[in-house]
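Observations on chain architecture
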Amino acid sequence: MPMLKIFVGTVYGGALDVAEQVKPLFEEAGYQVEIHDQPTLEDLTDSPTDLALFCVSTTGTGDYPGNFVPFARAIDERSPSLVDLRYGVIALGDSSYGETFCGGGRSVDELLAGQGAQRLGERLEVDAMETPMADDEAIPWVEQWIDVERLKVA
Ligand SMILES: Cc1cc2nc3c(=O)[nH]c(=O)nc-3n(C[C@H](O)[C@H](O)[C@H](O)COP(=O)(O)O)c2cc1C
């Protein structure tokens, strides 16, 4: 069974809730699913990752949540080749923060692309001003992502 890993960056738990809510959708599509809420680079690189989903919110002024900082720093400093990685991004933010809207999700997207990883589809950006419960947008987005990108294996 292929492995899908969900990497979570969260301050208040919203992005982790998204990860837990979408997990069954991937299981139904034929994946074994792991959620990493204290992610490390080894979680990504030391065992096969057939597909990855990054659920990352934003704190400070466009910054990564604290639990995600070691993962991002390790990619930045160790510059691993991620050419075999296919991934999606669900970014959580709040448009009242203006230019730093969804900065955490945007930054990890750029970081992964810089290492050669391939994003499948567009990034989802959930605005807490419009959608207080991010799951409401994330669940249909994942259903569509699996369908449009032909990710179903079962
Ligand atoms: C102190 C603080 C700073 C924030 N900074 C930003 C920001 O710069 N950009 C943004 O889009 N959202 C920002 N947010 C909004 C959060 O990213 C948003 O509420 C998100 O849904 C929280 O997800 P979480 O529960 O997974 O942490 C900030 C929220 C707080 C409390």
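Quick caveat: nothing in here was measured; it's all calculated off a predicted structure. (Residues numbered from 1 in each chain as written. Predicted model: local features only at pLDDT ≥ 70, side-chain atom pairs only at ≥ 80, totals over all residues. Heavy atoms only, no water.)

**As for helix α3 (residues 69-78)**
Counting along an α-helix, one turn takes 3.6 residues, and residues three or four places apart therefore face a common direction. As a reminder of what qualifies: Only protein chains enter the area calculation, which uses a 1.4 Å probe; residues under 20% of their type maximum are buried, those over 50% are exposed, and those in between are partly exposed. Runs of H or I in DSSP of at least four residues are treated as helices and runs of E of at least two as strands, each being numbered from the N terminus. By definition, the arc is the one covered by directions from the helix axis to the C-beta atoms. Pairs of residues are marked as contacts when any of their non-hydrogen atoms sit within 4.5 Å.
Within α3 the residues assigned to the buried category are Phe 71, Ala 72, Ala 74 and Ile 75. For α3, the angular spread of buried residues about the axis comes to 160°, placing them on one side. Across from the buried face of α3, at angles greater than 90 degrees, the exposed residues are Asp 76 and Glu 77. Looking at the packing, one finds that the buried side of α3 touches β1 (3-9), α2 (41-45), β3 (51-56) and α4 (103-114). Phi turns positive, to about 45°, at Ser 79, one or two residues after α3.

**Quick look at the pairing of β1**
Stated formally: At least two DSSP bridges between two strands are needed for those strands to be called paired. By convention a crossover is right-handed if, when the strands point away from the viewer, the path from the first strand over the helix to the second runs clockwise.
Counting buried positions along β1 yields seven of seven residues, so the element is predominantly enclosed. Where burial is concerned, the two faces of β1 agree: the one with Met 3, Lys 5, Phe 7 and Gly 9 and the one with Leu 4, Ile 6 and Val 8 are both buried. For β1 and strand β2 (residues 32-36), the ladder comprises five bridges, and the chain directions are parallel. When the bridges of β2 are listed, Lys 5 appears paired with Glu 34. Handedness of the crossover joining β1 and β2 through helix α1 (residues 14-28): right-handed. Taken together, the six bridges between β1 and β3 define a ladder with parallel strand orientation. Pairing of Phe 7 across the sheet is with Phe 54, part of β3.

**Let's talk about the pattern of salt bridges**
As a working rule, side chains carrying opposite charge can pair if their charged atoms are close by. Test applied: Here a salt bridge means any side-chain nitrogen of Lys or Arg lying within 4 Å of a carboxyl oxygen belonging to Asp or Glu.
As enumerated under the stated definition, the model contains seven salt bridges in all. Of the charged contacts in the structure, one is a salt bridge between Asp 109 and Arg 119, with a shortest N-O distance of 2.7 Å. Separated by 10 residues along the polypeptide, Asp 109 in helix α4 and Arg 119 in strand β5 (residues 118-119) bring together distant segments of the chain. On the basis of relative accessible area, Asp 109 is assigned to the buried category, the value being 4%. Connected through salt bridges with shared partners, the residues Arg 106, Asp 109, Arg 119, Glu 122, Arg 123 and Glu 125 form a single ionic network.

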